[in-house]
Amino acid sequence: MKTLVQFIDNLQAGGKERQCVELVKGLAARGGWRIVVVTMTPELFFTELLALPGVHVEHLVRRSRRDPWVAWRFWRLCRRWQASLVAAWHVMPALYAVPATRLLRIPLLVAFIQDAPAVMPPVLVRRARWAFRAADAVVGNSRAGLQAYGPPAHKARLIPSGFDLARATATLDPQWLRREYGLQAPHIVGMVATFSHYKDHPTLIDAALQVLARRNDVVFVMVGGGPTLAAVQALIPPERQAQLRVLGRVAAPIEQVVCAFDIGVLATFTEGMSNSIAEYMMLGKPVVASDGGGTADLVQDGVTGHLVPQRDAKALAARLLALLADPEARTRMGAAGRTRIEREFRMERIVDQFEAVHQALLGAAR
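Here the residue numbers are simple positions, counted from 1 along each chain's written sequence. Thresholds applied to this predicted model are a pLDDT of at least 70 for local features of residues and 80 or more for the giving and counting of side-chain atom pairs; totals over whole chains, interfaces and linings are not thresholded and use all residues. By convention in this description, side-chain values take in all heavy atoms of the structure and omit both hydrogens and water.

Taken in spatial order, the 6 strands line up as E10-E9-E8-E11-E12-E13 in an open sheet, and their pairing is parallel. Two strands bound the open sheet, and with one partner strand each, they are strand E10 (244-248) and strand E13 (305-308). With direction set aside, neighbouring strand axes in the sheet form an average angle of 20 degrees. When DSSP finds at least two bridges between two strands, those strands are taken to pair. Counting from the N terminus, the helices are the DSSP runs of H or I reaching at least four residues and the strands are the DSSP runs of E reaching at least two. Pairing of strand E8 (residues 187-192) with strand E11 (residues 263-266), which is carried by 2 bridges, proceeds in the parallel orientation. Working convention: axes come from line fits to C-alpha atoms, limited for helices to the stretch in contact. Angles between N-to-C directions cover 0 to 180 degrees.

The length a helix should cover is 1.5 Å for every residue beyond the first. Taking 1.5 Å of rise per residue, the 18 residues of helix H14 (residues 327-344) would be expected to cover 26 Å, and the 26 Å separating its terminal C-alpha atoms lies within 8% of that figure. For H14, the full list of buried residues reads Ala 329, Arg 330, Met 333, Gly 334, Gly 337, Arg 338, Arg 340 and Ile 341. Taken end-on, H14 shows its buried residues confined to a sector of 160 degrees, consistent with a single buried face. Exposed and oriented more than 90 degrees from the buried face of H14 are Glu 328, Thr 331, Arg 332 and Arg 343. Buried residues are those whose accessible area, probed at 1.4 Å on protein chains only, stays under 20% of the maximum for their type, while exposed residues exceed 50% and partly exposed ones sit between those limits. The directions from the helix axis to the C-beta atoms are what the arc is built from.

Between rings of Phe, Tyr and Trp, where Trp is taken as its six-membered ring, a pair exists when centres lie within 6.5 Å; planes separated by under 30 degrees are stacked, by over 60 edge-to-face, and by other angles tilted. For the structure on display, the rule yields 8 aromatic pairs. Where Trp 176 meets Tyr 181, the ring centres are 6.4 Å apart and the plane angle is 80 degrees; that geometry is what we call edge-to-face. Grouping aromatic residues by their ring pairs yields a cluster made of Phe 112, Phe 132 and Tyr 149.

To continue, consider the nonpolar core. What is meant by a nonpolar core is a set of buried Ala, Val, Leu, Ile, Met, Phe, Trp, Tyr and Cys residues, joined one to another through side-chain atoms within 4.5 Å. Counting 66 residues, the largest nonpolar core has Leu 177, Phe 220, Met 222, Phe 261, Leu 298, Leu 320 and Ile 341 as its most contacted members. It is helix H13 (residues 313-324) that contributes the most residues to this core, 7 residues altogether.

Encoded structure:
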């Protein structure tokens, strides 16, 4: 049996991590692969991996930020599992995988292009170029991401993110979020995103304050963790903290959170193909998002939601106010978003495309 090694920095909650896990689940359901998921941290948010037939989870925990022994340990792991193909989901795992894949003559697929930064740090540029040079194929989930990173054209493959619609049809409790956090307002506007310098929480807060100045029947929630969480919390005026809530990481599946939203928001400076936006759409929620990157590949302006200029709190507030005042538009756009995910971003289609790349790499290796 062929062995596919999926090498990822961590398996904590996150968009890139979710895509890796959903692909593993899709491949495992089809059979034909023995799959080894290798992570460099001991935490495991996606515990469903442990119950999948033919799937094994291993931890190569780094002893330091640039632990050189990880490359040697990964080489031993590939030998032990008789790896047929390695897929790397972050830059550092890709670099750690290079010696093993070269020495053992294993094809290397890098799949870490899941964003579309307008400006990349020089160290990331260097590392990405080294990874691209060693890789046999490079997958990005958006045209904007491939353009930003610039892998060799003959190695680049565009495979959008995919979504398991069963997560949206599971039994969900739309009142859970209200009960858990004591949310009393009739309407909830939510943003699910990592708190980082790539996400524009300040613009959302500015827009939310403009909305709250016009109506008092809305609560805004921000869900996620990350390094800028405390700084974002400090931007909220004390008198608005009951209506502008930073929830941090939530101990529930993200679909359980999103099902309570009336509108899903993503204010950002850069984006590839956003898992948050797709999950809003999958659950039938209208979207208001910052334009740019790969967001327009998902959101059809005026059909499934609205695109607004980056850093434009006034435009964001205006779109939110219009949707809050128009329940029919919210229903129509939410339904259109759900249909778009079903037609174009169903996980089965994405698994087909990855399998085609896998088979091409194995064939070339033979």
